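So the chains spell out like this:
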Amino acid sequence: MTDLTAGAASLAQIREDYTALTRRKRIYGGILLILFVALMAAGFRTADARNAGSFADGWRRILDYPSEVLAEAWAEIGQLPAHLVHFLPALIETLNIAAASTLIGLIAGTFLALKSTRGMAMWPALIPLFRRISDICRAIPEIVIALALIFVLGGGPVPAMIAIAIHTAGALGKLFSEVNENASLKPVEGLQSVGANWSQRMYLGVIPQVGPNYVSYALLRFEINIRASAILGFVGAGGIGYELRNAMSWGQGRYDEVAAIFILLFVTIVVVDQISGHLRDRLTHGAKA
């Protein structure tokens, strides 16, 4: 009887503690929601005060620019094929920037991941150092790195490629490190027992396990880098983004070119997304019977 009473009291105490914990979580969630709404409202008020016009007035005119672009592009529809051909080399340059930066970032990210994974690192004491390098590489936005490099190297595709490669190395280094954590260390230990060096252990014991995931993440990053290289063109880093900035800055009279560039970018991103998605599915799940 005493045990039943003690058990009932313990169950009641657990129920009471759980109810109190749930109540505290709801209170904290409500406070965070109020703070979030207050910060958003303050941010909108600050942005509205610093803009040339009010946010309410600008919201009503949000479709004016797309309407002008579409109207002029439709009026000059006959020039569209010529514009597509004219801007195709700039699109190829953007794809080259994305591909080169992805390849460099893949190699650097693999190096950082293997050096910062427990059980695989050549120098375990330096694991925190390589992790901080990876953190720094992905913490700085590509556009900040590109602006600094353009100041040093001048405009063109090289600063964009370096900037995107640095950010890609940090991002892939983090993703690859998480993939490495799930890899089996038994092949590594077996190769070490027969005298294999670190490079041989990684190449023969680790890469075959994580290779498909590495390539899958690299393809996903390639899609992201195409968008990033187009954006960096606005700061003078070359590619189709540079052509888009020039066409937009001229204003009316060049909107048909703006439409052609948008079409090229949209079609390219959709095609690359479909192809890379198919390849990632094949790599991770295998060919369907």
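*Asks:* Help me understand the packing of helix H4 (residues 80-115) against helix H10 (residues 240-250), please; the structure alone is not making it clear to me.
*Replies:* Think of two packed helices as two axes; the pair is described by the angle between the axes and how far apart they sit. Relative to each other, H4 and H10 sit at 135°, their axes nearing to 7 Å. It follows that H4 is oblique to H10 by the angle criterion. Seen from H4, the contacting residues are Phe87, Ala90, Leu91 and Thr94; seen from H10, they are Ile240, Gly241 and Glu243. Across the contact of H4 with H10, the residue classes tally to 4 nonpolar, 2 polar and 1 charged.

*Asks:* Before we go on, may I ask you to explain the packing of helix H7 (residues 157-181) against helix H9 (residues 198-232) in this structure?
*Replies:* Close contact between H7 and H9 brings their axes to 9 Å; oriented N to C, the two are set at 150°. Regarding the angle of H7 to H9, the classification is roughly antiparallel. Remark: the crossing between H7 and H9 carries right-handed chirality. Contact residues: Ala160, Ile164, His167, Thr168, Ala171, Leu172, Leu175, Phe176, Val179 and Asn180 in H7; Val206, Val210, Asn213, Tyr214, Tyr217, Ala218, Arg221, Asn225, Ala228, Ser229 and Leu232 in H9.

*Asks:* Please clarify how the packing of aromatic side chains should be interpreted in this entry.
*Replies:* How two aromatic rings sit relative to each other is set out by the distance from centre to centre and by the angle between their planes. This model, assessed by the stated rule, comprises 2 aromatic pairs. A ring pair is formed by Phe111 and Phe130, whose centres lie 5.9 Å apart and whose planes are at 80°; its orientation type is edge-to-face. Remark: Phe130 occurs in helix H5 (residues 127-139) and Phe111 occurs in helix H4; sequence separation between them is 19 residues. On the basis of relative accessibility, which here comes to 43%, the residue Phe111 falls in the partly exposed class. Geometrically, the ring pair formed by Phe176 and Tyr214 is stacked, given 3.8 Å between the ring centres and 10° between the ring planes. You can see Phe176 sitting in helix H7 and its partner Tyr214 sitting in helix H9, a full 38 residues away along the chain. You can call Tyr214 buried: its relative accessible area is 5%.

*Asks:* Can you walk me through the pattern of salt bridges in this structure?
*Replies:* Applying the stated rule across the entire model yields 5 salt bridges. Taking the shortest distance from any N to any O, the salt bridge between Asp135 and Arg138 comes out at 2.7 Å. Taken as a pair, Asp135 and Arg138 lie in helix H5 at a separation of 3 residues, close to a single helical turn. A relative accessible area of 25% means that Asp135 is categorised as partly exposed. The partner of Lys174 in a salt bridge is Glu178, with the nearest N and O atoms 3.8 Å apart. Note that Lys174 and Glu178 are positioned in helix H7 at a spacing of 4 residues, about one turn of the helix. On the basis of relative accessibility, which here comes to 38%, the residue Lys174 falls in the partly exposed class. Assessed through its relative accessible area of 42%, Glu178 is described here as partly exposed. Taken together, the shared-partner salt bridges connect Arg132, Asp135 and Arg138 into one network.

Cut-offs applied
- Residues numbered from 1 in each chain as written.
- Predicted model: local features only at pLDDT ≥ 70, side-chain atom pairs only at ≥ 80, totals over all residues.
- Heavy atoms only, no water.
- Axes fitted to C-alpha atoms, helices over the stretch in contact; angles between N-to-C directions.
- Helix = DSSP H or I, 4+ residues; strand = E, 2+ residues; numbered from the N terminus.
- Parallel < 35°, antiparallel > 145°, perpendicular 65-115°, else oblique.
- Contact = heavy atoms within 4.5 Å.
- Nonpolar A, V, L, I, M, F, W, Y, C, P; charged D, E, K, R; others polar.
- Left-handed = near helix turned anticlockwise from the far one by under 90°.
- Phe/Tyr/Trp six-rings, centres within 6.5 Å; stacked < 30°, edge-to-face > 60°.
- Buried < 20%, exposed > 50% of the residue type's maximum accessible area, 1.4 Å probe, protein only.
- Salt bridge = Lys/Arg side-chain N within 4 Å of Asp/Glu carboxyl O.

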